[in-house]
Amino acid sequence: MHTQTRIAHGAPSLLTVQAPEDIEFLVKESEVLTGRAGRTFVIAGADWLAYRVHWHPIGVKVERLNAEGRVLSTQHLLPREFLGHSLIEALAAGQLFTPPIRRLG
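Now for a look at the structure at hand. (Residues numbered from 1 in each chain as written. Predicted model: local features only at pLDDT ≥ 70, side-chain atom pairs only at ≥ 80, totals over all residues. Heavy atoms only, no water.)

**Quick word on the packing of aromatic side chains**
The description of an aromatic ring pair rests on the distance of the ring centres and on the angle between the ring planes. Applying the stated criterion to the full structure yields one aromatic pair. Taking 5.8 Å as the distance between ring centres and 90° as the angle between the ring planes, the aromatic pair formed by Trp 55 and Phe 82 counts as edge-to-face. Here Phe 82 lies in helix 2 (residues 79-82) and Trp 55 lies in strand 4 (residues 49-56), a separation of 27 residues in the sequence. With relative accessibility at 2%, the residue Phe 82 sits in the buried group. (Phe/Tyr/Trp six-rings, centres within 6.5 Å; stacked < 30°, edge-to-face > 60°. Helix = DSSP H or I, 4+ residues; strand = E, 2+ residues; numbered from the N terminus. Buried < 20%, exposed > 50% of the residue type's maximum accessible area, 1.4 Å probe, protein only.)

Here you go:
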């Protein structure tokens, strides 16, 4: 499903997202284990773009985050629309990662 990768020396380990269906699982896993809505995903590249994804039965909410974790923009997408999002393009290129979960407490 996903593997652990260290991107740069001294950087935190990141999990590699390998399939579109992994995103839904990873979001739900994070919400259950941390009690916080959504999960952060990172597109590896020159800019290291960060997104927080919230999964709902009727669609997906995708928030583009700045370097401080503040929301820059929000998109509400149907599941089929999400398949055309840049997160899915990054996944196909092997450039989509997510930090491992840290449980509360």
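We are not done yet, so read on.
**Looking at the environment of Gly 59**
Mapping Gly 59 onto the fold places it in strand 5 (residues 59-65). Sequence-wise, Gly 59 and Leu 77 are 18 residues apart; in three dimensions their C-alpha atoms are separated by 5.5 Å. With sequence-adjacent residues up to four places away left out, Gly 59 is seen in contact with His 54, Leu 77, Leu 78 and Pro 79. (Contact = heavy atoms within 4.5 Å.)

**Section: the pairing of strand 5**
Taken across its seven residues, strand 5 has five buried, putting it largely inside the fold. As paired strands, strand 4 and strand 5 are joined by seven bridges and run antiparallel to one another. Bridge pairing in strand 5 links Tyr 51 to Arg 64. A loop of two residues connects strand 4 with strand 5, the two strands running antiparallel in sequence. Where strand 5 and strand 6 (residues 71-77) come together, six bridges link them in antiparallel fashion. Residue pairing across strands places Leu 65 opposite Val 71, the latter belonging to strand 6. (Pairing = 2+ DSSP bridges.)

**Looking at helix 1 (residues 20-34)**
The end-to-end C-alpha distance of helix 1, which contains 15 residues, comes to 22 Å, matching closely the 21 Å that a straight helix rising 1.5 Å per residue would cover. Taken as a whole, helix 1 has its buried residues at Asp 22, Ile 23, Leu 26, Val 27, Ser 30 and Thr 34. Along the long axis of helix 1, the arc covered by the buried residues comes to 135°, so they all point the same way. For helix 1, exposure combined with an orientation more than 90 degrees from the buried face picks out Glu 21 and Val 32. Positive backbone phi, approximately 80°, marks Gly 35, located one or two places after helix 1. (Expected span 1.5 Å × (residues − 1). Arc of directions from axis to C-beta.)

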